[in-house]
Amino acid sequence: MRRLLACLCLLVALMPPAVGDELRIALGILDGTASRGGDTGGLAALNEDLAREICRRVATRCVTSNVRFGEILPGVEDGRFDLGFGNFLRTPEREQRVAFSAALWRSSSRLVGRAGTIANSELATLRRARLAVVADTQQHAYLQRLAAERQLAVLSAGTLAETLALVGDGQADFALLPMLSAYAMMVRETAGRYEFFGRPLTDDGLGGSVHIALPKTREALRQQVDLAIAGMRADGTYPRIVRRHFPFSLD
Amino acid sequence: MPRTLIRLKTFRAGVAFALLAAVFILTFGIMVGLIWADQQRVIETAARLQEKTVPEIIRYQRLARNLEQLRQEGERVFSAITPQARQQSMFVVTLVASHPSVLEHREAAERARQVEQFLASVVRQSLKDEGAFAANFGEWQRLSSHLGLLVDDVSIQGVNLTSSDLGEVSAAIQLARLKLTVVMIVVGLFLVLFLILLRVHMIHPLQRIDQALSGLGVDQPAPSFKPAAMVEIQAVEDAIGKLHASLAENEKARLALETLANRDGLTGLFNRRHFMVAAEAELHRAQRYRRPVTIGMADLDYFKKLNDTYGHAAGDAVLRAFAALLQEALRQSDLVCRYGGEEFAFLFPEITVTEAARLAERFRAVCTDYDIRLPDGRVVRVTFSMGLADASESSLEAALNRADAALYEAKHQGRNRVVVASGQGG
């Protein structure tokens with residue numbers, strides 16, 4: 001009997017953790033205030049609402065933390081967070097570190113600059129320019145690959161607001177930002193201060209589907225999250241949440 | 001019979017059935033395989049419809065919706081009252097034009113890019129010239145109209161995606177239905193062929209066998225059959241032939257046994273037991289229909305002396321010769337038996353005792369002059385004495401007694417004569 005109990009205890013100890021009492025969720029912040037987005041809610045608010053809806057559907061409690069983008073993946077990777085909402089594009093490099101949920105929405109990247117900058121500026125032809133970017137993002141990695149050849153000065157910042165501030169302060173000519181995040185910040189700014197430039201970019205990891213990051217060991221959780229996302233899409237909850245924060249479809 | 005049937009008959013039935021079964025299984029298998037392939041095609045197309053086409057249709061619908069939103073936001077850029085609202089709309093235009101759903105459709109991407117650049121240009125102009133919106137409104141209407149047409153085109157493209165898949169499903173189902181019809185026809189043809197073979201090789205032979213068995217008898221010739229194609233039918237036909245032969249042998253044995261049971265072994269005449277049974281039946285018949293009938297008893301004269309003189313073999317030869325003479329001389333309907341030793345009993349149906357006396361007298365005259373050759377070559381003649389009695393109104397036993405009494409009287413009167421018993425007796 002003692003041996004049986006010992007075996008059962010060992011089995012329980014070795015079992016991968018399923019969804020527990022609470023889910024520790026990392027929400028990426030756009031600025032340093034760790035507050036929900038602008039008047040319309042914005043991207044951070046959208047992520048928070050999506051996270052809470054997913055928690056409701058997997059019948060557990062959410063514990064959210066607002067962190068900088070660069071802290072999300074390491075936190076998910078070492079198990080400090082169960083879900084990471086950082087508007088992550090799915091890349092082979094990231095897939096080696098974390099697991100990804102089903103796609104939430106799709107996005108592209110684009111140059112943002114001060115209004116009045118040369119209208120036909122294109123990243124493909126840009127040389128000897130100063131470019132701001134959020135640290136540890138796909139945009140950051142992409143610009144670092146181009147920097148030497150194009151003689152580009154890449155300035156990285158911790159948050160999107162800081163990145164945009166570099167452009168606004170004149171320290172950078174342009175910022176290369178994910179469209180949705182950029183939009184969420186730019187609508188707060190004074191009209192006519194910033195503009196988008198050039199063509200939208202989807203190649204080289206700059207565009208595609210956006211996912212939630214999960215620890216690679218939480219396969220059961222990933223399946224539950226995917227089911228929750230599919231359920232949200234099927235019953236119309238997902239588009240209703242998006243409409244609360246953005247005046248257009250993200251699919 | 002059709003030529004086909006004649007040709008089929010030349011086949012061994014087992015080979016024909018096996019060949020039919022093999023061709024049927026092969027054909028049916030191929031047809032089932034083809035139908036299975038069609039069904040698989042339907043399943044795959046339906047799966048593709050569900051997994052690829054429907055999401056693709058949804059993608060087109062989203063694209064159409066995004067393009068329509070692009071157009072509406074463009075209208076808002078023109079109609080916005082505040083710079084903030086204009087910027088908001090301009091950002092949405094940019095976002096929609098930058099969205100992957102728009103970018104992955106070449107024509108939509110180009111059109112969206114064109115619209116975004118135009119609107120951005122007008123917004124920039126408006127910073128310097130307040131009449132920029134009015135000046136460019138005509139161009140915007142043209143772009144907006146093109147965008148509206150593109151929305152319609154994209155919607156139709158999405159809807160048309162189903163046509164190809166549904167057409168393929170419909171074609172596959174129709175083909176499967178055609179094949180199923182062919183299968184049913186093939187099965188029907190095989191069934192007809194099977195029934196023909198069954199009729200030729202099973203039903204007809206069985207009917208012939210039934211006919212042969214119904215008419216099977218010892219008085220009928222052995223049935224003959226045309227060579228059957230099936231080994232089993234051949235075996236049954238052979239068995240019928242053997243059965244007929246066995247019946248004939250049994251009849252032969254029965255007749256031999258009957259002879260042994262009813263005939264006297266020496267003379268071949270009926271024995272006393274059979275005579276009594278047959279005479280009783282005949283007597284009853286005659287008395288029932290009031291017909292005349294006469295009973296007689298005869299005894300060879302001096303037979304003991306003949307035996308003593310010539311030996312028992314000669315006595316036997318004399319008995320045989322006398323019996324043969326009796327069978328020749330008497331009518332077919334007359335019954336005669338060896339009653340015992342040299343004594344014989346008679347029943348003469350349909351004649352009165354007087355007529356019987358005349359018949360007996362004639363026979364006595366023939367017998368008296370008849371030479372009997374003995375085994376040692378010598379020739380002897382024998383006479384007999386006979387008593388007759390009318391049996392038309394008496395029992396057999398009584399009639400025999402009276403005939404026997406008349407015989408005694410004939411012996412007493414000097415032998416070699418026929419004496420009729422007087423009266424009827426009781």
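Criteria and thresholds
- Residues numbered from 1 in each chain as written.
- Chains lettered and ligands numbered in written order.
- Predicted model: local features only at pLDDT ≥ 70, side-chain atom pairs only at ≥ 80, totals over all residues.
- Helix = DSSP H or I, 4+ residues; strand = E, 2+ residues; numbered from the N terminus.
- Buried ≥ 20, exposed ≤ 12 C-beta atoms within 10 Å, placed from the backbone.
- Contact = placed C-beta atoms within 7 Å.
- Pairing = 2+ DSSP bridges.
- Nonpolar A, V, L, I, M, F, W, Y, C, P; charged D, E, K, R; others polar.
- Axes fitted to C-alpha atoms, helices over the stretch in contact; angles between N-to-C directions.
- Core = buried A, V, L, I, M, F, W, Y, C linked by C-beta atoms within 7 Å.
- Expected span 1.5 Å × (residues − 1).
- Bend = angle between axes of the 7 residues up to and from the residue.
- Parallel < 35°, antiparallel > 145°, perpendicular 65-115°, else oblique.
- Left-handed = near helix turned anticlockwise from the far one by under 90°.
- pLDDT = per-residue confidence, 0-100.
- Arc of directions from axis to C-beta.

A.B. asks: Where do I start with the overall build of chain B in this structure?
C.D. replies: Broken down by element type, chain B carries 12 helices and 8 strands. The 426 residues of chain B split such that 28% are buried.

A.B. asks: Honestly, the overall build of chain A in this entry has me stumped. Any pointers?
C.D. replies: If you tally the helices and strands in chain A, you get 9 helices and 11 strands. When burial is assessed residue by residue, chain A has 44% of its 251 residues classed as buried. In chain A, the proportion of contacts linking residues at least 24 apart, taken out of those at least 6 apart, comes to 75%.

A.B. asks: Even after reading the chapter, I still don't get the pairing of strand β9 (residues 174-178) of chain A, so can you show me in this structure?
C.D. replies: It is a general feature of regular strands that their side chains alternate between the two faces of the sheet. Residue and element names in this part refer to chain A. Taking burial as the measure, the 5 residues of β9 include 5 buried ones, the bulk of the element. Taking every second residue as pointing to the same face, both faces of β9 are buried, with Phe174, Leu176 and Pro178 on one and Ala175 and Leu177 on the other. Bridge count for strand β6 (residues 109-114) against β9 is 5 bridges, and the pairing is antiparallel. Bridge pairing in β9 links Gly113 to Phe174.

A.B. asks: Explain the interface of chain B and chain A here, please?
C.D. replies: Many structure descriptions define interface size as the accessible area lost when the parts assemble. Facing the 19 residues of chain B at the interface are 18 residues of chain A. Only α2 (13-79), α3 (83-98) and α4 (100-103) of chain B provide two or more residues apiece to the side of chain B that touches chain A. Residue classes in the side of chain B that touches chain A are distributed as 8 nonpolar, 9 polar and 2 charged.

A.B. asks: I would appreciate a short explanation of the sheet that holds strand β10 (residues 194-201) of chain A in the present structure.
C.D. replies: Two orientations exist for strands paired in a sheet by backbone hydrogen bonds: parallel and antiparallel. All names here are of chain A. Ordered in space as β8-β7-β9-β6-β10, the 5 strands form an open sheet in which the pairing is mixed. What marks the edges here is a single partner per strand, and that holds for β8 (153-157) and β10. Neighbouring strand axes in the sheet, compared pairwise and without regard to direction, differ in orientation by 30 degrees on average. Those strands touched by helix α7 (residues 179-186) are β6, β9 and β10, and its axis lies near 115 degrees from that of β9.

A.B. asks: Would you mind showing me how to read the nonpolar core here?
C.D. replies: When a protein is soluble and globular, its nonpolar side chains tend to lie buried together. Formed by 97 residues in total, the largest nonpolar core has its most connected members in Val112 and Ala175 of chain A. In terms of nonpolar packing, the next biggest core, distinct from the first, is built from 47 residues, Val293, Met297, Ala403 and Leu407 of chain B among them.

A.B. asks: Please clarify how the sheet that holds strand β7 (residues 384-390) of chain B should be interpreted in this entry.
C.D. replies: All names here are of chain B. Read across the sheet, 6 strands follow the order β1-β3-β4-β2-β7-β8 without closing on themselves; strand pairing throughout is mixed. Each edge of the sheet is formed by a strand with only one pairing partner; in this case those strands are β1 (270-271) and β8 (418-420). Pairing of strand β2 (residues 293-300) with β7 involves 7 bridges; the strand directions are antiparallel. What sits directly across from Met297, in β7, is Gly387. Across the sheet, helix α8 (residues 272-288) lies against β1, β2, β3 (335-340) and β4 (343-349), angled at about 140 degrees from β3, the strand it touches most. The strands that helix α12 (residues 396-412) touches are β2, β4, β7 and β8; relative to β7, the one it contacts most, it runs at about 145 degrees.

A.B. asks: When you look at the environment of Lys179 of chain B in this model, what are you seeing that I'm missing?
C.D. replies: Residues and elements named next belong to chain B. By secondary structure assignment, the location of Lys179 is in helix α6 (residues 132-214). Separated by 145 residues in sequence, Lys179 and Leu34 place their C-alpha atoms 7.7 Å apart. Discounting residues that sit within four places of it in the chain, Lys179 has contacts with Met31, Leu34, Ile35 and Asp38.

A.B. asks: I'm lost on the environment of Cys367 of chain B in this one. Help?
C.D. replies: All names here are of chain B. Looking at the secondary structure, you find Cys367 in helix α11 (residues 353-368). By C-beta crowding, Cys367 is classed as buried, having 21 other C-beta atoms within 10 Å. Each C-alpha atom, one on Cys367 and one on Asn416, is 9.8 Å from the other, the two residues being 49 residues apart in sequence. Non-local contacts of Cys367, meaning those with residues more than four positions away in its chain, are made with Leu325, Val382, Thr383 and Phe384.

A.B. asks: Looking at this model, I keep getting lost on helix α5 (residues 138-150) of chain A. Mind explaining?
C.D. replies: Given 3.6 residues per turn, any residue in an α-helix points the same way as the ones three and four places further on. All names here are of chain A. Given a rise of 1.5 Å per residue, 13 residues ought to cover 18 Å, and the 18 Å separating the end C-alpha atoms of α5 matches this to within 8%. Taking the largest bend as the criterion, α5 deviates by roughly 30 degrees, centred on Gln144. Gln138, Gln139, His140, Tyr142 and Leu143 are the residues of α5 that are buried. In this structure, the buried residues of α5 make contact with β3 (83-89), β6, β7 (130-134), β8 and β9. At the exit of α5 stands Gln151, carrying a positive phi of roughly 55 degrees.

A.B. asks: Sorry, what's going on with the packing of α7 of chain A against α3 of chain B here?
C.D. replies: Axes are the key here: two packed helices are described by the angle between their axes and the distance separating the axes. Close contact between α7 of chain A and α3 of chain B brings their axes to 10 Å; oriented N to C, the two are set at 175 degrees. Taken as axis vectors, α7 of chain A and α3 of chain B run roughly antiparallel relative to one another. Note on element contacts: α3 of chain B touches α7 of chain A through Phe91, Leu95 and Ser98 of chain B, opposite Met179, Tyr183 and Met186 of chain A.

A.B. asks: Teacher, can you tell me more about the environment of Glu73 of chain B here?
C.D. replies: Residues and elements named next belong to chain B. Secondary-structure assignment places Glu73 in helix α2. The exposure class of Glu73 is buried, given the 25 C-beta atoms found within 10 Å. Put simply, Glu73 and Val93 are 20 residues apart on the chain and 6.0 Å apart in space, counted from C-alpha to C-alpha. Discounting chain neighbours no more than four positions away, the residues touching Glu73 are Ser89, Val92, Val93 and Val96.

A.B. asks: Help me out: how do you make sense of the packing of α3 of chain B against helix α5 (residues 106-128) of chain B in this one?
C.D. replies: Residue and element names in this part refer to chain B. Packing of α3 against α5 leaves a shortest axis separation of 9 Å and a crossing angle of 155 degrees. When the axes of α3 and α5 are compared, the pair comes out roughly antiparallel. Both α3 and α5 take part in a crossing whose hand is left-handed. Residues Arg86, Met90, Val93, Thr94, Val96 and Ala97 of α3 form the contact with α5, whose participating residues are Ala112, Arg113, Val115, Glu116, Leu119, Ala120 and Val123. Partitioning the contact of α3 with α5 into residue classes produces 9 nonpolar, 1 polar and 3 charged.

A.B. asks: How should I be thinking about the confidence of the model for chain A in this particular structure?
C.D. replies: Caution applies to low-pLDDT regions: their predicted coordinates should not be interpreted in detail. Residue and element names in this part refer to chain A. In this model, chain A carries an average pLDDT of 83, and 86% of its residues clear a pLDDT of 70 or more. The weakest mean pLDDT in chain A belongs to helix α1 (residues 2-14) at 51; the strongest belongs to strand β4 (residues 99-100) at 95. Low confidence marks residues 11-18, where pLDDT is under 50. Its contacts with residues over four positions away, or in another chain, come to 3 contacts. Every residue in residues 34-40 scores below 50 in pLDDT, and together they form 16 contacts with partners more than four places removed in sequence or on other chains.

A.B. asks: Would you mind going over the pairing of β3 of chain A with me for this structure?
C.D. replies: All names here are of chain A. Among the 7 residues of β3, 7 are classified as buried, and the element is accordingly described as predominantly covered. Alternating positions in β3 separate into two faces, Leu83, Phe85, Asn87 and Leu89 on one and Gly84, Gly86 and Phe88 on the other, with burial throughout. Here 3 bridges tie strand β1 (residues 22-28) to β3, and the two strands are oriented parallel to one another. Following the sheet pairing, Ala26 is matched in β3 by Gly84.

A.B. asks: In this structure, what is going on with helix α6 (residues 160-168) of chain A? I would like to understand it.
C.D. replies: All names here are of chain A. When we look at burial in α6, the residues that qualify are Leu160, Thr163, Leu164, Leu166 and Val167. Viewed end-on, α6 has its buried residues packed into an arc of 150 degrees, placing them on one side of the element. Buried residues along α6 sit in contact with β6, β7, β8, β9 and α7. Of the residues one or two after α6, Gly170 is the one with positive phi, at around 85 degrees.

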